[in-house]
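Tertiary structure, described
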Amino acid sequence: MKNEIYRKGKIMSILGVAGFVLMILIVALLLKGRTAPAVVFILLPIIVGFVVGFTPMEMSDYIKEGVSSVSTTAILFVFAVLFFGVMNDVGVFDRIVNGVLKLVGTNILLLMLATVLIALIGHLDGSGATTLLITIPPLLPIYKKLKVRPIILLSITCLTMGVMNIVPWGGPCGRTAAALEVGTSDIWKYCIPAQVVGILLICGLCFFFARMEKKRGAGYAASETEAVSEAGETVNELHRPKLFWFNIALIVCVVLMLTLTSVPTHVTFMIAMGVALMVNYPSQKMQMERVKAHATDALTMAFTALASGVLIGIMGKSPMLDAMTQMVLSAMPESMAPHLHVLFAALNSPLSMVIHGDALTYGILPIVNQIVSGYGIPAAAVGAAFLITFGPAIYIMPMTAATYMGLGLAEVELKDHIAFSYKWAFVLAIVELAFVVITGIIPL
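Residues numbered from 1 in each chain as written. Predicted model: local features only at pLDDT ≥ 70, side-chain atom pairs only at ≥ 80, totals over all residues. Heavy atoms only, no water.

**Considering the overall build of the protein**
What the protein contains, in helices and strands, is 19 helices and zero strands. Out of the 444 residues belonging to the protein, those deemed buried represent 52%. In the protein, of all internal contacts separated by at least 6 residues, the share reaching a separation of at least 24 is 81%. Of the roughly 19000 Å² of accessible surface on the protein, a fraction of 67% belongs to carbon and sulfur atoms. (Helix = DSSP H or I, 4+ residues; strand = E, 2+ residues; numbered from the N terminus. Buried < 20%, exposed > 50% of the residue type's maximum accessible area, 1.4 Å probe, protein only. Contact = heavy atoms within 4.5 Å. Areas by Shrake-Rupley, 256 points an atom, 1.4 Å probe, with all protein chains shown as cover.)

**What about the packing of helix 5 (residues 108-122) against helix 9 (residues 184-215)?**
Contact geometry of helix 5 with helix 9 gives a least axis separation of 9 Å together with a crossing angle of 145 degrees. Here the hand of the crossing between helix 5 and helix 9 comes out right-handed. Seen from helix 5, the contacting residues are Ile108, Leu109, Met112, Leu113, Val116 and Leu120; seen from helix 9, they are Ile199, Ile202, Cys203, Cys206, Phe207, Phe209, Ala210, Glu213 and Lys214. Of the residues belonging to the contact of helix 5 with helix 9, the class tally is 13 nonpolar, no polar and two charged. (Axes fitted to C-alpha atoms, helices over the stretch in contact; angles between N-to-C directions. Left-handed = near helix turned anticlockwise from the far one by under 90°. Nonpolar A, V, L, I, M, F, W, Y, C, P; charged D, E, K, R; others polar.)

**Quick notes on helix 3 (residues 56-89)**
Taking 1.5 Å as the rise per residue, helix 3 with 34 residues should run 50 Å; its terminal C-alpha atoms sit 46 Å apart, in good agreement. In the structure, helix 3 departs most strongly from a straight axis at Ser71, where the bend amounts to approximately 40 degrees. Positive backbone phi, at 90 degrees, marks Gly91, one or two positions downstream of helix 3. (Expected span 1.5 Å × (residues − 1). Bend = angle between axes of the 7 residues up to and from the residue.)

**Some words on the packing of aromatic side chains**
Applying the stated rule across the entire model yields ten aromatic pairs. Between Phe209 and Phe420, the ring centres sit 5.5 Å apart and the planes meet at 35 degrees, which makes this aromatic pair tilted. Remark: Phe420 occurs in helix 19 (residues 414-438) and Phe209 occurs in helix 9; sequence separation between them is 211 residues. Of the two residues, Phe209 and Phe420, both sit in the buried class. (Phe/Tyr/Trp six-rings, centres within 6.5 Å; stacked < 30°, edge-to-face > 60°.)

**Points about the state of the cysteines**
Taken as a whole, this structure holds zero disulfides when the rule is applied. Take Cys203: it sits in no disulfide, and the sulfur closest to it among the cysteines is that of Cys206, at 5.7 Å. (Disulfide = S-S within 2.5 Å.)

**Topic: the environment of Gln370**
Checked against the element boundaries, Gln370 lands in helix 16 (residues 357-373). With a relative accessible area of 26%, Gln370 lands in the partly exposed category.

**Notes on the pattern of salt bridges**
Tallied over the full model, the rule gives three salt bridges. A salt bridge links Arg290 to Asp89; the shortest N-O distance between them is 2.9 Å. Within this pair, whereas Arg290 is found in helix 13 (residues 284-317), its partner Asp89 is found in helix 3, the two being separated by 201 residues in sequence. Taken as a pair, Arg290 and Asp89 share a single burial class, namely buried. For Glu213, the salt bridge is made with Arg149, and the minimal N-O distance between the two is 2.7 Å. Here Arg149 lies in the loop between helix 6 (128-145) and helix 7 (150-164) and Glu213 lies in helix 9, a separation of 64 residues in the sequence. (Salt bridge = Lys/Arg side-chain N within 4 Å of Asp/Glu carboxyl O.)

**Considering the environment of Asn369**
Mapped onto the elements of the fold, Asn369 is located in helix 16. Its relative accessible area of 13% is what places Asn369 among the buried residues. When the C-alpha atoms of Asn369 and Ala179 are compared, they prove to be 9.9 Å apart, with 190 residues separating the residues in sequence. Once residues within four sequence positions are removed from consideration, Asn369 is found in contact with Leu180, Ala379 and Val382.

**Topic: the packing of helix 3 against helix 8 (residues 171-180)**
Following both chains from N to C, one finds helix 3 and helix 8 inclined at 165 degrees, their axes separated by 9 Å at the closest point. It follows that helix 3 is roughly antiparallel to helix 8 by the angle criterion. Where helix 3 crosses over helix 8, the two elements pack in a sense that is left-handed. Two secondary-structure elements touch here, helix 3 through Val70, Thr73 and Phe77 and helix 8 through Gly171, Gly174, Arg175 and Ala178. (Parallel < 35°, antiparallel > 145°, perpendicular 65-115°, else oblique.)

**Here we look at the confidence of the model for the protein**
With 83% of its residues at a pLDDT of at least 70, the protein reaches an overall mean of 79. The weakest mean pLDDT in the protein belongs to helix 10 (residues 224-229) at 44; the strongest belongs to helix 7 at 90. Low pLDDT, under 50, characterises residues 1-6; the predicted model gives this stretch zero contacts beyond four residues in sequence or across chains. Scored below 50 in pLDDT, residues 221-232 shows 16 contacts in the model against residues more than four places distant or in partner chains. (pLDDT = per-residue confidence, 0-100.)

**Brief notes about the side chain of Thr184**
Tracing the backbone through its elements, the reader meets Thr184 in helix 9. Discounting chain neighbours no more than four positions away, the residues touching Thr184 are Leu76, Pro168, Cys173, Gly174, Ala177 and Thr265.

**Here's the deal with the nonpolar core**
Grouped together as the largest cluster of nonpolar side chains are 139 residues, with contacts concentrated most on Phe83, Met87, Met112, Tyr143, Ile152 and Phe269. The dominant element in this core, judged by the number of residues it contributes, is helix 3, at 15 residues. If sequence neighbours within four positions are ignored, Met112 has contacts with Tyr143, Val148, Ile152, Ile156, Cys206, Phe209, Ala210 and Glu213. (Core = buried A, V, L, I, M, F, W, Y, C linked by side-chain atoms within 4.5 Å.)

**Thoughts on the environment of Val86**
Locating Val86 in the fold gives a position in helix 3. When the C-alpha atoms of Val86 and His294 are compared, they prove to be 8.4 Å apart, with 208 residues separating the residues in sequence. With residues up to four places along the chain from it excluded, the contact list for Val86 reads Ala276, Leu277, Tyr281, Arg290 and His294.

**A short note on the side chain of His266**
In this structure, His266 sits in helix 12 (residues 265-280). Residue His266 is classed as buried on the basis of its relative accessible area of 17%. If near-sequence neighbours (up to four positions away) are discounted, His266 is found in contact with Thr72, Ile75 and Leu76.

Have a look at this one:
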């Protein structure tokens, strides 16, 4: 009997060590950036699985379970990206931006608040590149004319995008849901109050930035007509101005279905995308052109989500994650274990500046969830705590590709962007986390 217990304990120790080695290797490879995350998620777990003695049949079963658990997330990525891509094609966001700019005139504070509004609306599709293109090129000439530093425009835009990026159809929420095997809408319901607080805090920052820039001499009295004309309006054959209010109503319906109903998120976007294509582009040729135009972004996100199923299956469906959890618990004071999700969330913002988000999501977060689940903390709450502090700095992180697009468009250096913007992102993350913990939204 003692020999059997000893043998099981030894096996669990081997599995635990192997799990941590797998996690470290994933982090290291993602940090080096020499291969796509999907390739790492597929090959590395399989190699480690063979090393620890899993049979091909066992690993096949683990992978099947893991991929099955993330399949709805992959479907969500495909149809959400296509839907919001079509909404951008028809000119919904462009018309809103131009309308806002005409109301702003030359008031610096209103200009900054309008930046928040435009970035918020533009980021409904969860795409950083799209939002940056919608926000920065039209506004940069106006910022320069009013002698407001471009770094302010970039900072406000990136902070707003970061807070908005944790919507259920965005990449971070989808990856988190896949890693924890919960629904994206389940996670988002915990995040919504924090997003509201975050946007209000950014609006408060705008008051501070406006005063700061006025002291620096900003506020050159260009005429409203001259300022707005810089934004320009281009004729686009894909735009559907006569269907503007229909498309607005469609977006509102999607948001209401996501927040007020139990209809699966991916089903909501499947229906919405079909309606959007049918109404805006009735011909089969145009519909296929719009699908092909956004297929690369959609399939790239889906590919990574499905590939993560291999990692989730081999690490999470096998005894490996249990073994890793036992090792962490044995080395941790018992009083700390129930609060580990909040502690991890508090450290998440600085960690994410040096460790790739995928490494945190797929390597560390499942272990944290496994530990606190024994104390009744829902997986969706664990994921929300992680996202709330991860979000604000997403477009300040050096490992986010869209960060460099923003830097190029705003003509700002990375070191200056980090030095100016990160402190505000950190404050946003901590205040949002404190709010949801103090109010009991995230159980402690």
